[in-house]
Amino acid sequence: MAQAEKKLGGLKLLGAALRNRKTAIMLVFGFSAGLPFSLLVGTLNAWMGEAKIDLATIGIISWIGLAYAFKFLWSPLVDRTRLPVLGRLGRRRGWLIVCQLVLALTFLSLSMTDPALAIGTFAMVAVIGAFASATQDVVIDAWRIDVADETATVEILSSIYQMGFRIAALVGGALALVLSARISWPAVYMVMGIVMAATVIATLFAPDTARPAEELGFRELREPGAVHPKLRALGLAVVGLGWAWAIVTIANFMMRILSVQPGDPNPPKASEFTASTGPWIIAATVFLPALVATYFNWLRTNGRNVLAEAVPATSGTQRAADHAYSALLLPLADLVQRLRWGVIIALGIILTYRLTDSIWGPFAFPFYLTELQYSADEVAFASKVFGVFMTIAGIAIGGVLFVTLGRYPTLILGAMVAAATNLLYADLAAGAHYIDAFANTFGLSAMGVDPRMVRLMVAISGENIAGGLAGAAYVAYLSSIASKDYSAVQYALLSSLTLLVGSLGRGALGEMIETDGYVAVFHLTAALGGIAVVFCVLEWIRASWQNRRGTTAPELMPTSDAARVTEGDTAA
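Fair warning: this is a prediction, and the values are worked out from it, not measured in the lab.

Concerning the overall build of the protein
The secondary structure content of the protein amounts to 25 helices and 0 strands. For the protein, buried positions account for 54% of its 572 residues. Counting every atom, the protein has about 24600 Å² of accessible surface; 67% of that belongs to carbon and sulfur.

Considerations on the packing of helix 2 (residues 21-50) against helix 17 (residues 364-371)
Orientation of helix 2 relative to helix 17, taken along the N-to-C sense of each, is 35°, at an axis distance of 8 Å. Helix-helix and strand crossings are classified by hand; for helix 2 and helix 17 the assignment is right-handed. Facing helix 2, whose interface residues are Gly42, Thr43, Asn45, Ala46, Gly49 and Glu50, helix 17 presents Phe365, Pro366, Leu369 and Thr370. Residues that form the contact of helix 2 with helix 17 fall into these classes: 4 nonpolar, 5 polar and 1 charged.

So, helix 23 (residues 500-516)
Spanning 17 residues, helix 23 covers 24 Å between terminal C-alpha atoms, matching the ideal 24 Å at 1.5 Å per step. The largest bend in helix 23 amounts to roughly 40° and is located at arginine 506. For helix 23, a buried count of 12 out of 17 residues is recorded, marking the element as mostly surrounded by other parts of the structure. Those residues of helix 23 that fall on the buried side of the exposure criterion are Leu500, Gly502, Ser503, Leu504, Gly505, Arg506, Gly507, Ala508, Leu509, Gly510, Glu511 and Ile513. Looking one or two residues past helix 23, glycine 517 carries a phi angle of roughly 90°, positive in sign.

Quick look at the packing of aromatic side chains
Counted under the stated rule, the structure contains 32 aromatic pairs. Each ring, one from phenylalanine 253 and one from phenylalanine 273, has its centre 4.2 Å from the other, and the planes form 15°; the classification is stacked. Here phenylalanine 253, found in helix 10 (residues 229-258), pairs with phenylalanine 273, found in helix 11 (residues 270-276); they are 20 residues apart in sequence, far enough to count as distant. Just as phenylalanine 253 is buried, phenylalanine 273 falls in that class too. Seen in terms of ring centroids, phenylalanine 367 and tyrosine 368 are 5.9 Å apart; in terms of plane orientation they differ by 50°. Their pairing is tilted. An aromatic cluster is built from Trp360, Phe367, Tyr368, Tyr425, Tyr518 and Phe522, whose rings are joined through pairwise contacts. Across the ring face of tyrosine 325, the terminal group of arginine 232 is positioned such that the distance to the ring centre comes to 5.1 Å. The ring centre of tyrosine 374 lies 4.2 Å from the NZ or CZ of arginine 452, which sits over that ring.

Structural notes on unusual backbone geometry
The phi torsion at arginine 340 lies on the positive side, around 55°, for a residue other than glycine. Within the secondary structure, arginine 340 sits in the loop between helix 14 (330-339) and helix 15 (342-352). In this structure, alanine 432 takes a positive phi of about 65° despite not being glycine. Mapping alanine 432 onto the fold places it in the loop between helix 19 (407-429) and helix 20 (433-441). Relative accessible area serves as the criterion here: at 1%, alanine 432 is assigned to the buried category.

Quick look at the side chain of threonine 57
Note that threonine 57 resides in helix 3 (residues 55-61). Residues contacting threonine 57, with those up to four places away along its chain left out, are Ile119 and Leu258.

Points about the environment of alanine 419
Structurally, alanine 419 can be placed in helix 19. On the basis of relative accessible area, alanine 419 is assigned to the buried category, the value being 7%. For the pair alanine 419 and leucine 524, spaced 105 residues apart in sequence, the C-alpha to C-alpha distance is 9.7 Å. Each residue touching alanine 419, except ones within four places of it in the same chain, is listed here: Thr356, Ala526, Gly529 and Gly530.

Some thoughts on the packing of helix 17 against helix 18 (residues 376-404)
The interhelical angle for the contact between helix 17 and helix 18, taken along N-to-C directions, is 140°, at an axis separation of 10 Å. One finds that helix 17 runs oblique with respect to helix 18. Considering how the two elements wind past one another, helix 17 and helix 18 form a crossing that is right-handed. When helix 17 is examined against helix 18, the residues Phe365, Tyr368 and Leu369 are found in contact with a partner set consisting of Ala376, Val379, Ser383 and Lys384. The residue inventory of the contact of helix 17 with helix 18, partitioned by class, reads 5 nonpolar, 1 polar and 1 charged.

Points about the side chain of serine 461
Along the polypeptide, serine 461 turns up in helix 21 (residues 451-481). The residues touching serine 461, leaving out its near neighbours within four places in the chain, are Phe386 and Met390.

Quick notes on the nonpolar core
Grouped together as the largest cluster of nonpolar side chains are 161 residues, with contacts concentrated most on Tyr353, Trp360, Tyr368 and Leu428. Broken down by element, the residue count for this core peaks at 14 residues, all from helix 2. Setting aside residues up to four positions removed in sequence, tyrosine 368 forms contacts with Trp360, Gln373, Tyr374, Val379, Ser383, Tyr425, Leu456, Ile460 and Glu463.

Notes on helix 9 (residues 185-205)
The periodicity of an α-helix, 3.6 residues per turn, causes residues three or four places apart in sequence to face the same way. Given a rise of 1.5 Å per residue, 21 residues ought to cover 30 Å, and the 32 Å separating the end C-alpha atoms of helix 9 matches this to within 8%. Those residues of helix 9 not exposed but buried are Trp185, Val188, Tyr189, Met192, Gly193, Met196, Thr199, Val200, Ala202 and Thr203. One side of helix 9 carries all its buried residues, which in axial view fall inside an arc of 160°. Projecting away from the buried face of helix 9 at angles above 90 degrees are the exposed residues Ile194, Ile201 and Phe205.

With respect to a nonpolar patch on the surface
On the surface, Leu170, Phe381, Val385, Val388, Phe389 and Ile392 cluster together to form a nonpolar patch covering roughly 530 Å² of accessible area. The element best represented in the nonpolar patch is helix 18, accounting for 5 residues. In this structure, valine 388 sits in helix 18. A relative accessible area of 39% means that valine 388 is categorised as partly exposed.

What counts, and at which threshold
Throughout this description, residue numbers start from 1 for each chain and increase along the sequence as written. pLDDT decides what is reported in this predicted model: residues at 70 or higher carry local features, side-chain atom pairs at 80 or more are listed and counted, and totals for whole chains, interfaces and linings draw on all residues regardless. To get the side-chain values, take all heavy atoms of the structure and skip hydrogens and water. Runs of E in the DSSP output that reach at least two residues are strands. Runs of H or I that reach at least four are helices, and both are numbered from the N terminus. Here's how the labels work: a residue is buried when its accessible area is under 20% of the maximum for its type, exposed when over 50%, partly exposed in between, all with a 1.4 Å probe on protein chains only. Per-residue and other accessible areas were derived by the Shrake-Rupley procedure at a 1.4 Å probe size, with only the shown protein chains allowed to occlude residues. Helix axes are fitted only over the stretch in contact, all axes being lines through C-alpha atoms; the angle between N-to-C directions runs from 0 to 180 degrees. Helix crossings fall into two classes, left-handed where the near helix is turned counterclockwise from the far one by less than a right angle and right-handed where it is turned clockwise. We call two residues in contact when some of their heavy atoms are within 4.5 Å. Note on residue classes: Ala, Val, Leu, Ile, Met, Phe, Trp, Tyr, Cys and Pro are nonpolar, Asp, Glu, Lys and Arg are charged, and everything else, Gly too, is polar. Residue count minus one, scaled by 1.5 Å, sets the expected span of a helix. Given a residue, its bend is the angle between the two axes fitted to the seven residues that end at it and to the seven that start from it. Between 30 and 60 degrees the pair is tilted, below 30 it is stacked and above 60 it is edge-to-face, where a pair is any two Phe, Tyr or Trp rings, Trp via its six-membered ring, whose centres lie within 6.5 Å. Definition used: whenever NZ (Lys) or CZ (Arg) falls within 6 Å of the ring centre and also within 35 degrees of the ring normal, the charge is taken to sit over that ring. An angle counts as roughly parallel when it lies under 35 degrees, as roughly antiparallel when it exceeds 145, as roughly perpendicular when it falls between 65 and 115, and as oblique in every other case. Buried residues of nine kinds, namely Ala, Val, Leu, Ile, Met, Phe, Trp, Tyr and Cys, make up a nonpolar core once their side-chain atoms join them within 4.5 Å. To be clear, the arc concerns the directions from the helix axis to the C-beta atoms. Like charges are joined within 9 Å and nonpolar side chains (Val, Leu, Ile, Met, Phe, Trp, Tyr) within 5 Å, but only among residues with over 30% relative accessible area and no salt bridge; these make up the patches. When a carboxyl oxygen of Asp or Glu is within 4 Å of a side-chain nitrogen of Lys or Arg, the pair counts as a salt bridge.

Printed below as a string of structure tokens:
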């Protein structure tokens, strides 16, 4: 009886939440976040592929996705800065309106730019859109937390957000492809610009929270025993310079390669940049902050250069510095303190686990549409409709494997199948001999479906099931290593680092496709997946060793936070 009453109460709460104005607006905000991500990181590549833009350039332009990886860097500015005039609309609404209008103008500007004739301008507009989209994500995340209450809880709002995001993925992916077969790509992006502008209406009606008279600081950073703020500021400056150098270096190379004139005897090569500069970018953005965090942990442990008494922040600059430290160094400091030498393995998994998915994602549409000559309607159905159900199946399989095999075997299996499914695409690119044999063996070729479509759906099924399984395993792993005390900032940083290596390697991969073809590239990406498998095995050994020593497991990150890690694994 009590259980039935509890379920009835839960249903009533859910019903009240769904009738709440905040949930309807959250649905629109999820759509507003998902549409630019789909159009800029995925669908844009289909347009450039049809415009005969070379794959190396497509790979370089896909670096705009790094805006989503770096968004935590400017989140303190967005959180604390009051916009002139629009700031009167509220703490979040002013920023949202700016982002949404910039995105609408981005799509309209893209519709008036020919990538074949002005690829530099086209890329610059896309970069502006990516930064506006990433900034909008920061504001929407903050809004969701701000307005949550006992009826429209954070969990319900997060679920509604995911629904809106997935609807936008269908509109910006499948629907955009279907429209492109009937109207021009510029017309598609003009329509999407109008749709994006319409989301401002929901923002105008969105509730907002007042800006606190005095922003709260991060007390633990200024209590006795904490590293002295002046030394912290120095460490933050070192790490900030590392990130600034990385961003400027990437932006400079993008501008160089997009401004190359025909006939240039010595054009810059993405492969050379990735080989020579890529490792230094990883060092500056991952290992340098980890070393600084390790040093600060040592200072605290040994009581050197630490505060003897509490020193509260007294200015906006100090509070902003505390916020920046909490975004860049505090998550790593906590992770290093708990995992010790194991943090090397953890970072290895974070940098490589989704590499096979993320590195080739921008080339999926050019592969389907240009290389294999599938129609936009066929790709829209197979990739964006049928593929979604296969991803859900993969997630379900991951849940079953967690129960039957356990966390680490599932993590290893996820890495293995994610790598192996690249061989399906290698076979598809080589003529699909093995896929045809599989389809004939299991009667798929006798279902009355076009054999070419069967090949595509088999390949996409394998990849999406593997992606769903690997995504579920990866989220569970991040959840297991994240501290509950720092879940939000650790999630933001670790999920950002997940995108780093794959994004940097895309330019070189595009060059390799141009010179060696897709088959060789898919063999390479399958081999790269083996790196993640090795790290996962090492992590299982480390965790088993810790358990034998009786070390307690870290607290879990809330699932609602961790689930966002897999939003942008692949664009196609």
